[in-house]
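Spelled out, the chains give:
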Amino acid sequence: MLTVADETTERLNPNNSERTLTAPKSYIPRPGGLGRHQSILYVTSEIADFIKAGGLGEVSAALPRALRQLYDVRVLIPGYRQVLASAKSVELVGRLPGTCGIPDCDLGRMETKDGLTIYILLSPELYDRDGTPYGDANGVDWNDNDVRFARLGLAAADIACGVGDPFWQPDLLHLNDWPSSLAPAYLTWRERRVPSILTIHNLAYQGLFERERFPHLGIPDNAFQMNGVEFYGKLSFLKAGIFYASHITTVSSTYAEEITTPQFGCGLEGLLKTRAEEGRLDGILNGIDDSWDPSTDPYLASPFAPDDWTGKHMNADDVRKTFGLAVSRGPLFAVISRLVHQKGVDLAIAASEEIVAEGGQIVVTGRGEARFEKAMQALAARHPGSVGVRIGFNEAEARRMYAGSDFLLMPSRFEPCGLSQMYAQRFGSLPIAHRTGGLADTIEDGVTGFLFREMSLSGFVGAIKRGLDAFRSHGQLTAMRRAAMGRPHGWSQAAQKYRAVYNQVVQAPAALP
């Protein structure tokens, strides 16, 4: 067991088994009160610097950096194989105790190139695996995900109590989605009042496990009830977070309203409505980072700006060539998405027949359900030269697709926030989307994109036809592109809103349930 009483840390080079003791990089005492030096532990299961499965990874990379101007923000993440492979070195700063079936583990610390402090849970038996944060390379969830992410929640609770890094302790926990949702529950069961914020990025993923797993996770029997962690006879990590956290946020104001209704509440609408009535539920819209700039993006075939479309046309030509499409000056539509039911992929496939019939072309990139992957490939086979599909995802290619396309298809059945529509607008591609969640909050219908209300093929096709009409009107298309590219989507506004929530919670932390 590593001891730190002599104010030294052990440095671990992931590529070298040799370990040497060195002094810590810095000593940062825990400050008191509010203000610039307040300490925040941002707990996440993915971060785009090292590993991501979706939008949470992007947000976890951007929001803590935006908040660093206001707070001492540090990130806690599991020590996945990809994280350690990317780290030049990791300092061992302490040891975290386990409980029941949750193993002990070391706590490591590293810094990114721009100085963001990352705490890493060093537990090879839980995290040193190929695949995504949640499953293997075939998309099958790990059968011990309950233990893997209970370990994350327990670690966050321990660090909040001063265990782990002896030289730093957070004033507040900022938790994200179900993988870190047990943290406020563990604090409550210890009768420790540490303020916590839980951000729900997608309510549909709840972290449900069988009741029999309780003994492995250190959960008291009396917590298995409606006012606790029980959800229709199972353990719900997310419900635990919603019930025990001091405050709940989600990633757009519209989605915050939607999840208090049976249509979008996934069975948790009653509890969420209660939190909203208590003033403990807010919607704060995500942003996108400054790298999404078509005038400077190094991945693009050519840079461009709102007053010069030559570069956009060059990106369109590059995309057509990459996807094997015919030379054309007709409208180019893009689908850049997980290929799953939530994203309305079935509607996009059905509407593609109308697009091709109108002289449009479509490029698709993404991965997801096998049935949708096969359907997309079949669509491309039916329309060679008009439809191009790549199963998988490449960041540089996706950026060129945003830059080269005229329209982005986003018929999501629900969308808590969505980032793709913001990327598209920044690159002059007009999103055509369902009026729901963050799509309703970030797209101005007829100004920066096109929205449809009824979740149906006819509703979606109607919005596509409005887009085609705009494309044929050069003046309207140009005006809409400029408006879309000028829309503010940065993180500064979100950071200020989180600041208000943090201050509210720290000044008046909720009593124990």
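First things first, this report covers the structure right here in the doc. Predicted model only: the values in this text are computed from it and were never measured.

Thoughts on the overall build of the protein chain
Broken down by element type, the protein chain carries 18 helices and 20 strands. When its C-alpha atoms are laid out on the principal axes, the protein chain stretches across 70 × 50 × 40 Å. Taking the contacts inside the protein chain whose residues are at least 6 apart along the sequence as the reference set, 69% of them involve residues at least 24 apart. For the protein chain, the exposed area adds up to about 20200 Å²; of that, 50% sits on carbon and sulfur atoms. Charge centroids of the protein chain, computed over 52 positive and 58 negative side chains, lie 2 Å from each other.

So, the nonpolar core
Core analysis: the largest hydrophobic core is formed by 97 residues, its most contacted members being L67, L76, I118, L121, L203, F237 and I242. Considering every element that reaches this core, the biggest residue donor is helix α4 (residues 145-160), with 10 residues. Setting aside residues no more than four positions away along its own chain, I242 makes contact with L198, I200, L203, I248, L268, L271, L272 and R275.

Looking at the pattern of salt bridges
Where charged atoms of side chains with opposite charge meet at close range, the side chains can pair. Under the definition given, this model contains 34 salt bridges. Among the salt bridges present, the one from R109 reaches D165, with a minimum N-O distance of 3.2 Å. Of this pair, R109 sits in strand β6 (residues 105-111) while D165 sits in the loop between α4 and β8 (172-176), and the two are 56 residues apart along the sequence. For R109, a relative accessible area of 8% gives the class buried. Since its relative accessible area comes to 2%, D165 is described here as buried.

As for the side chain of D171
Within the secondary structure, D171 sits in the loop between α4 and β8. From its side chain, D171 meets the backbone nitrogen of S39 in a polar contact 2.8 Å long.

A short note on the sheet that holds strand β18 (residues 407-410)
The strands that make up a sheet pair up through hydrogen bonds in the backbone, lying either parallel or antiparallel. Sheet architecture is open: 6 strands sit in the order β17-β16-β15-β18-β19-β20, paired in parallel fashion. Each end of this open sheet is capped by a strand with a single partner; those strands are β17 (387-391) and β20 (450-452). Strand after strand, the sheet turns through a mean of 15° between neighbouring axes, direction not considered. Bridge analysis of strand β15 (residues 332-336) against strand β16 (residues 361-366) gives 5 bridges, and the strand direction is parallel. Across the sheet, the residue bridging to V335 is V364, located in β16. Lying on the sheet, helix α11 (residues 345-357) is in contact with β15, β16, β17 and β18; it crosses β16 at an angle near 145°.

Some details on the environment of A276
Tracing the sequence through the fold places A276 in helix α9 (residues 269-277). On the accessibility criterion, A276 (34% relative accessible area) is partly exposed. C-alpha of A276 to C-alpha of R453: the two residues are 177 residues apart in sequence and 25 Å apart in space. If near-sequence neighbours (up to four positions away) are discounted, A276 is found in contact with T260 and L281.

As for the packing of aromatic side chains
The final tally for this structure, using the stated rule, is 20 aromatic pairs. Ring centres of F214 and F224 lie 5.2 Å apart, and the angle between their planes is 90°; on these two criteria the pair is classed as edge-to-face. With F214 in helix α6 (residues 214-217) and F224 in the loop between α6 and β11 (230-231), this residue pair connects regions lying 10 residues apart in the sequence. In this structure an aromatic cluster arises from ring pairing among Y134, F149, W178, F209 and F237. The ring of W142 carries the charged tip of R129 above its face, separated from the ring centre by 5.0 Å. We note R481 situated over the ring of W309; from NZ or CZ to the ring centre the distance is 5.2 Å.

Remarks on the environment of R481
Note that R481 resides in helix α17 (residues 474-485). Considered as a pair, R481 and S429 are 52 residues apart in the sequence and their alpha carbons are 6.9 Å apart.

Notes on helix α7 (residues 237-244)
When you tally the buried positions in α7, you get 8 out of 8 residues, the bulk of the element. Every buried residue of α7 is listed here: F237, L238, K239, A240, G241, I242, F243 and Y244.

A short note on the pairing of β16
Burial runs high along β16: 6 of the 6 residues are buried. Across the two faces of β16 the burial is the same, with Q361, V363 and T365 and I362, V364 and G366 all buried. Once you follow β15 into α11 and on to β16, the crossover reads as right-handed. Of the strand pairs in this sheet, β16 and β17 are connected by 5 bridges, and their pairing is parallel. Looking at the pairing, V363 lines up with G388 of β17.

Considering the packing of α11 against helix α16 (residues 457-472)
Contact geometry for α11 and α16: axes closest at 10 Å, N-to-C directions at 45°. The angle between the axes of α11 and α16 places the two elements in the oblique class. α11 and α16 meet at a crossing whose hand is right-handed. Facing L347, A348, A350, A351, E354 and I355 of α11, the residues of α16 in contact are L457, F460, V461, I464 and K465. Looking at the contact of α11 with α16, its residues break down into 9 nonpolar, no polar and 2 charged.

Rules used in this analysis
Residues numbered from 1 in each chain as written. Predicted model: local features only at pLDDT ≥ 70, side-chain atom pairs only at ≥ 80, totals over all residues. Heavy atoms only, no water. Helix = DSSP H or I, 4+ residues; strand = E, 2+ residues; numbered from the N terminus. Contact = heavy atoms within 4.5 Å. Areas by Shrake-Rupley, 256 points an atom, 1.4 Å probe, with all protein chains shown as cover. Lys, Arg positive; Asp, Glu negative; His and termini not counted. Charge placed at Lys NZ, Arg CZ, Asp CG, Glu CD. Core = buried A, V, L, I, M, F, W, Y, C linked by side-chain atoms within 4.5 Å. Buried < 20%, exposed > 50% of the residue type's maximum accessible area, 1.4 Å probe, protein only. Salt bridge = Lys/Arg side-chain N within 4 Å of Asp/Glu carboxyl O. Polar contact = N/O pair within 3.5 Å; in protein donor to acceptor, adjacent residues only side chain to side chain. Pairing = 2+ DSSP bridges. Axes fitted to C-alpha atoms, helices over the stretch in contact; angles between N-to-C directions. Phe/Tyr/Trp six-rings, centres within 6.5 Å; stacked < 30°, edge-to-face > 60°. Lys NZ or Arg CZ within 6 Å of the ring centre and 35° of its normal. Right-handed = clockwise from strand over helix to strand, strands pointing away. Parallel < 35°, antiparallel > 145°, perpendicular 65-115°, else oblique. Left-handed = near helix turned anticlockwise from the far one by under 90°. Nonpolar A, V, L, I, M, F, W, Y, C, P; charged D, E, K, R; others polar.

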